Amino acid sequence: MSTLVKGIHHITQCPGPAQQDVDFCTQVLGQRLVKQTVLMDGNIPIYHFYYGNADAEPGSIATSFPYSRRAGRAGSGQIQLLSYAIPRGTIAFWKEHVERHGVEHGGIQERFARKYLRMRHPAGMFYEVVEADDTRRPWTTRCISADVATRGFFGAVMSVRSVEQQEQFFIDALGFRKLGVDGSYHRFEAAGGGPGSIIDLNLEPDRAPGSWGFGAGIFHHIAFSVENDKALFAQKALYEELGYTDASEIKDRFYFHSLYVRSPGGVLVECTANVPGGFYQDEAPEELGTRLNLPPWYESQRAEIVAMLEPVTVPEENRPRRGTRPFASPTAVPAGTSSAYSLSRTNPDFARYKR
Ligand SMILES: [Fe+2]
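It should be emphasised that the depicted structure is a prediction, and the values quoted were computed from it without experimental measurement.

Rules and cut-offs
Residues numbered from 1 in each chain as written. Predicted model: local features only at pLDDT ≥ 70, side-chain atom pairs only at ≥ 80, totals over all residues. Heavy atoms only, no water. Pairing = 2+ DSSP bridges. Helix = DSSP H or I, 4+ residues; strand = E, 2+ residues; numbered from the N terminus. Contact = heavy atoms within 4.5 Å. Axes fitted to C-alpha atoms, helices over the stretch in contact; angles between N-to-C directions. Buried < 20%, exposed > 50% of the residue type's maximum accessible area, 1.4 Å probe, protein only. Polar contact = N/O pair within 3.5 Å; in protein donor to acceptor, adjacent residues only side chain to side chain. Donors = N, O, S within 2.8 Å, 3.2 Å for Na, K, Ca; no water.

(A) Representation of the sheet that holds strand β4 (residues 61-64). The eight strands lie next to each other as β2-β3-β4-β1-β13-β16-β15-β14, forming an open sheet whose pairing is mixed. What marks the edges here is a single partner per strand, and that holds for β2 (32-38) and β14 (251-252). Strands β1 (7-14), β2, β3 (47-52) and β4 of the sheet are contacted by helix α1 (residues 18-28), whose axis makes an angle of about 5 degrees with β3. Each of β15 (256-262) and β16 (268-274) is contacted by helix α4 (residues 229-242), which is oriented at about 10 degrees to β15, the strand it contacts most.

Here it is in structure tokens:
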């Protein structure tokens, strides 16, 4: 069994308007805005926001491409929702909290003997808070104190029209093990079984496939952590050995390196190796997310990029504060290691493609 994959690194969504997303993720979900940067593919500047826990740890990072250009279509073959871990006994707080913010929710429910509350982002994506034992450090807001705040991901749910091929992919290609079945939900856990390692496949045989491209209101992909670039290339070789030949090249995302493959159930799966310094390469720990950061190879076009982005206000909740610290990254690689590998970047002339 492969042990290259450690657990969830990040989950990426396409909300609609940027400010609406910042407000929902920081004030309703209580996340820390960890990074403001831009999508590193294509010719159009699109924001890329990263949200996470107090330490901006992999396994807590939800990222957003605010994409009002077109609507996505929710359906099968997609990530259906993202689950955050909350302390036991706090589900009633969360029900009151989301009601105070006028957020649609599905009431307190139970799956695999855990209480959860499902809620809807104004752009259409769904989230859950799930009671679990989790000692990671939470971000706090005026309304969400440390004793009730989310710790990071519990996991994610994927909607699939059949379980068999997706299950085989998770076990053979990603090294997960199956934990059990509860109703339509088939539960899997990453090797190691730490926080943020649960994937539920929700069997919905009659649900029409959702859209795969960028579009408002859907999740776009899920990323899993691997140790370093060597493991990333080993993962690509494993995909090819198993017949998943459409694995992408390794892309330089500045904060980490990424490999993508379309899983048989339809969900786009990324594997990610952190680079030394991670999110702290371009910002001090207590200032994460307070300004727009560009990868060095986009910096000469900053003025053109900024002119094409909608302005956003960083919420007061995210003002710099003392006591934050870089995570002790278990996935950092020694400086210079990356240079041994060939990485892919895009660097378009944004002004030329302005439309
Ligand atoms: Fe990603």
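Back to the write-up after that little detour.
(B) Expanded view of the environment of S83. Tracing the chain through its elements places S83 in strand β5 (residues 78-86). By relative accessible area, S83 is classed as buried at 2%. Apart from residues lying up to four places away in sequence, S83 is in contact with R111, E128, V130, G152, F153, F154, G155 and A156. Within the local environment of S83, its side chain forms a polar contact with the side chain of E128, the two groups lying 2.8 Å apart.

(C) Here's a closer look at the sheet that holds strand β11 (residues 185-189). Spatial strand order, β6-β7-β8-β5-β9-β12-β11-β10: eight strands in an open sheet with mixed pairing. Whereas interior strands pair on both sides, the edge strands pair on one side only; in this sheet they are β6 (105-111) and β10 (177-182). Put simply, the sheet's adjacent strands are angled 25 degrees from each other on average, direction ignored. Where strand β7 (residues 114-120) and strand β8 (residues 126-131) come together, five bridges link them in antiparallel fashion. Within β8, the residue paired with L117 across the bridge is V129. This element, helix α3 (residues 164-172), spans β9 (152-160), β10, β11 and β12 (198-203) of the sheet and lies at about 165 degrees to β12.

(D) Just the coordination of the iron ion, in detail. The protein atoms that coordinate the iron ion are H10 (NE2), H221 (NE2) and E270 (OE), at distances of 2.0 to 2.1 Å. Of note, the donors binding the iron ion are all from one chain and are spaced H-x210-H-x48-E. Taken together, the positions of H221 in strand β13 (residues 218-225) and E270 in strand β16 put the pair 49 residues apart, joining distant regions of the chain. By relative accessible area, H221 is classed as buried at 4%. Take E270: its relative accessible area is 1%, and that puts it in the buried class.

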